[in-house]
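# Topology and contacts: notes
Chain by chain, the residues run as shown.
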Amino acid sequence: MIGFVECEFRVFHAHSLKEKRAVLQRTLTRLRQKFNVSAAEVDHQDTWQLTKIAMTTVSSSRQAAERELNHALTFLDSFPEWERVSTTFEWL
């Protein structure tokens, strides 16, 4: 089972693309180290207070993939630098 999630975040206190990318790189690096997911920024690369992140994981069951993605989302939500504004799940 392949689980895919896209989430859009509003980045607070980012006043330039450089500040946004610093937050994004630090967060994505920690995410990849801690969880069995692949993650990347897929939209809003030129917008300094908005980002869209896509994550995917592969597992033997939908429940395991969903659990891993939900843990990763909870981890992302724990950062005070941003707020999740939308989330979309897909299963293949």
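Everything quoted here is computed from the prediction, not taken from an experiment. (Residues numbered from 1 in each chain as written. Predicted model: local features only at pLDDT ≥ 70, side-chain atom pairs only at ≥ 80, totals over all residues. Heavy atoms only, no water.)

## Structural notes on the overall build of the protein
In plain terms, the rule: Secondary structure is summarised from DSSP: a helix means a run of H or I of at least four residues, a strand means a run of E of at least two, and numbering begins at the N terminus for each. A radius of gyration in this sense is built from C-alpha atoms; the matching globule rule multiplies 2.2 Å by the number of residues raised to 0.38. The buried label applies to any residue whose accessible area, calculated with a 1.4 Å probe on protein chains only, is under 20% of its type's maximum; exposed applies above 50%, and partly exposed to all values in between. Any two residues having at least one pair of non-hydrogen atoms within 4.5 Å are treated as being in contact. To measure how exposed things are, a 1.4 Å probe is used in the Shrake-Rupley method; for residues, cover is taken only from the protein chains shown. Charged residues are defined narrowly, with Lys and Arg counted positive, Asp and Glu counted negative, and His plus the chain ends left uncounted. For this purpose, a charge sits on NZ of Lys, CZ of Arg, CG of Asp or CD of Glu.
Assigned secondary structure in the protein consists of 2 helices and 4 strands. Element order for the protein, N to C, with α for helix and β for strand: β-α-β-β-α-β. On C-alpha atoms alone, the protein measures out to a radius of gyration of 13 Å, which is about the 12 Å that the 2.2 N^0.38 rule sets for 92 residues. In terms of overall dimensions, the protein has C-alpha extents of about 40 × 20 × 15 Å along its principal axes. When the 92 residues of the protein are sorted by exposure, 38% land in the buried category. Considering only residue pairs separated by 6 or more positions, the protein has 71% of its internal contacts joining residues 24 or more positions apart. Accessible area for the protein stands at about 5400 Å²; split by element, carbon and sulfur atoms hold 49% of it. Of the charged side chains in the protein, 12 are positive and 12 negative, and the gap between their average positions amounts to 5 Å.

## Considerations on the side chain of E8
Which entries qualify depends on this criterion: Throughout this description, the term salt bridge denotes a Lys or Arg side-chain nitrogen within 4 Å of a carboxyl oxygen of Asp or Glu. N or O atoms within 3.5 Å of each other form a polar contact, as long as, within protein, one can give a hydrogen and the other can take it, and as long as residues adjacent in sequence are counted only when both atoms are side-chain atoms.
Mapped onto the elements of the fold, E8 is located in strand β1 (residues 2-11). For the buried residue E8, which engages in no salt bridge, the nearest side chain bearing the opposite charge is K52, 4.2 Å off. In this structure the side chain of E8 is engaged in a polar contact, spanning 2.9 Å, whose partner is the side chain of H44. When sequence neighbours within four positions are dropped, the list of residues in contact with E8 reads H44, L50, T51, K52, E83, R84, V85 and S86.

## Observations regarding a nonpolar patch on the surface
To keep it simple, the criterion reads: Patch membership requires over 30% relative accessible area and the absence of a salt bridge. Like charges are linked within 9 Å, and nonpolar side chains (Val, Leu, Ile, Met, Phe, Trp, Tyr) within 5 Å.
Taken together, I2, V58 and L92 make up a surface patch of nonpolar side chains, about 300 Å² in accessible area. Residue placement: L92 occurs in the segment after β4 (82-91). Residue L92 is classed as exposed on the basis of its relative accessible area, which comes to 64%.

## Remarks on the pairing of strand β3 (residues 50-58)
Filter applied, for reference: Strands were regarded as paired on the criterion that DSSP finds at least two bridges between them.
Of all 9 residues making up β3, 7 are buried, and the element is well covered by its neighbours. As defined by bridge partners, β1 adjoins β3 across 9 bridges and the pair is classed as antiparallel. Its bridge partner lying in β3, E6 is registered against A54. Bridge analysis of strand β2 (residues 38-43) against β3 gives 5 bridges, and the strand direction is antiparallel.

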